[in-house]
Amino acid sequence: MSNKKTNENTQNDSRADKLKRYSIGSVILLIAIILLVNFLFDKLFGKGLTFDFSDAGQNSISQETVDYLNSLPADTHIRVVGLFNRPENVSGGQYQYIIPLLDDYVKKSDGKVTVEYISPTEHPSIISTLDPANAYDLSSKEDSFVIEYNGKLKVISSLDCYSYDENLYLSTGKYYIIGNNSEYTISNAMYALTNGIYSKAYIVTGLKEEGNVYVKKIIEGMSVEVEELQNSDTFTIPEDCDLLIINGPNSDISEKMYVAMTDYLTRGGKMFIAVNYSAHNTTEKYERINKLVNQMSINIDPVLVFENDPSYQLNGYQIDSVVSAAPDYTDYASMALLHSTYARSVRFFDNPNSSARTSSVLLTSESAATTQIDETGNAVENSTSALGQYNVAMYSVSGGPAEAEIFVFGTTNFSSDTYIQQYSMSDPNVEFFKSCVRKLLSSKITDTLNIYAKDIESYSIDASKATTSTSTVVLTVFMVIIPVILVAAAVIVYSKRKNL
């Protein structure tokens, strides 16, 4: 009996040892298989198995871009060159939302888009290869991206691809990202090159304006080259100017500027002018700007528009309201009612010497009024007008063989850096502004790709391709939880079986 029990114990021990070795071997084999499969998938498929889990799809091109790329001929070759070595880790850096996005262009373009990273420091010849005539001064644009198609170039810096909190920049000297415009900027640069689009806009500076950072981004995204035109004693408008912009001046133009702009309109020039009625310019009557736009039968009044219709007021404020797009302009934005603040009245001016045809663009309710404000911010006595409907923006086109065109806005809510920073580059007001630019440049540009900016909820820039907590969850599940469950199951099975 003792021998039999000893034999059974020996057999049980032997079976337990086998089960133990089998369980340990199975776990080791499973881990080896996981590692091997991960290695092979990475080598064979690479970025093809990279997924963008971010809510806004920060690192994936939109269907609008995919459709555009699919519409190009099969032999199209758009070359993107980063003038730097590709970082091993883009997390938290200036290229975080750009480099992964460019990877997606390559992935979804069927070979029409290629991306390279070539440092001019290590390979100086890349500069002369891309720009033999040195027209773009690429040696001073290291760390930028060059998009090349059939010998034509567009240069994009990382700063062009984001929106920033300017107040924090001014107070800290650091860029805090609040919006991702990478796809808008890159896709429309490609669109311009492949469609042979070229036009030039100049923004007048030196009139105490607040700045034109966002307007420049918006117009450049529409395939228009933009330069600043500084106020000076030698002010002239270049011959290649297709659009002249005066955006939010707090002081009037000079006599020299008035003469040059008058000549520009005579030659069929296109202008966009936006002013407002703020604490910085309540006493400014813009006499020369008015003298200029009077030629186009428009006048800007030195009065503040206020809204009495509660349904037009925003948060109960009379000077912060909505305005309606006039019938001819309702398709300029996705909303018929748009946001106007601190607006001046813009009205028809009876110029008997002008053949210009004017039209209303933006209108108040029929219960609005205007008043003058003094330097202390108080209403001037007896200056309030009768209730009625007022223009906040007007358009005019001259007669004759060289047709001049002009938009005049009494509010800067459609083009100011302050407004765009607060409401984003996808705001309906910005859409409306872009439509006005298209109207003025209709003979020079076609419709651009309608790609929306993507909001970034946090100022911090997170990990690389999958940019939200979803990626962390996926990583945890596949790399931690599932292996732990398998190991635990193996231990439990072994523990149960060894006692059988």
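Everything that follows concerns the structure shown earlier in this document.
Residues numbered from 1 in each chain as written. Predicted model: local features only at pLDDT ≥ 70, side-chain atom pairs only at ≥ 80, totals over all residues. Heavy atoms only, no water.

Asker: Please set out the side chain of Ser 359 residue by residue, giving values where relevant.
Answerer: Looking at the secondary structure, you find Ser 359 in strand β16 (residues 357-363). A polar contact is formed between the side chain of Ser 359 and the side chain of Tyr 329, at a distance of 3.0 Å. Not counting the four nearest positions on each side in its chain, Ser 359 is found in contact with Tyr 329, Met 394 and Tyr 395. (Helix = DSSP H or I, 4+ residues; strand = E, 2+ residues; numbered from the N terminus. Polar contact = N/O pair within 3.5 Å; in protein donor to acceptor, adjacent residues only side chain to side chain. Contact = heavy atoms within 4.5 Å.)

Asker: Could you give an account of the pairing of strand β3 (residues 145-149), with specific residues and numbers?
Answerer: Counting buried positions along β3 yields five of five residues, so the element is predominantly enclosed. In terms of strand pairing, strand β1 (residues 78-82) meets β3 through four bridges, oriented antiparallel. Residue pairing for β3: Gly 82 is matched across the bridge by Phe 145. Hairpin connection between β3 and strand β4 (residues 152-156): a loop of two residues separates the two successive antiparallel strands, and Asn 150 in this loop has a positive phi of roughly 50°. (Buried < 20%, exposed > 50% of the residue type's maximum accessible area, 1.4 Å probe, protein only. Pairing = 2+ DSSP bridges.)

Asker: I'd like to hear about the packing of helix α8 (residues 255-266) against helix α9 (residues 287-294), residue by residue, with values.
Answerer: The N-to-C vectors of α8 and α9 enclose an angle of 15°; their axes lie 10 Å apart at closest approach. Overall, the two elements α8 and α9 adopt an arrangement that is roughly parallel. Where α8 crosses over α9, the two elements pack in a sense that is right-handed. Residues Glu 255, Tyr 258, Met 261, Thr 262 and Leu 265 of α8 form the contact with α9, whose participating residues are Arg 288, Lys 291 and Leu 292. (Axes fitted to C-alpha atoms, helices over the stretch in contact; angles between N-to-C directions. Parallel < 35°, antiparallel > 145°, perpendicular 65-115°, else oblique. Left-handed = near helix turned anticlockwise from the far one by under 90°.)

Asker: Any details on the pattern of salt bridges? Residues and values, ideally.
Answerer: In the structure shown here, the tally under the stated rule is 10 salt bridges. Where Asp 104 meets Lys 108, a salt bridge forms, and the shortest distance between an N and an O atom there is 2.9 Å. Of the two residues, Asp 104 and Lys 108 are both situated in helix α3 (residues 99-108); the distance of four residues between them amounts to about one turn of the helix. Assessed through its relative accessible area of 29%, Lys 108 is described here as partly exposed. The salt bridge partner of Asp 263 is Arg 267, with a shortest N-O separation of 3.0 Å. On the basis of relative accessible area, Asp 263 is assigned to the partly exposed category, the value being 41%. Among the residues examined, Arg 267 registers a relative accessible area of 38% and is labelled partly exposed. The network of salt bridges with common partners includes Lys 200, Glu 227 and Asp 240. (Salt bridge = Lys/Arg side-chain N within 4 Å of Asp/Glu carboxyl O.)

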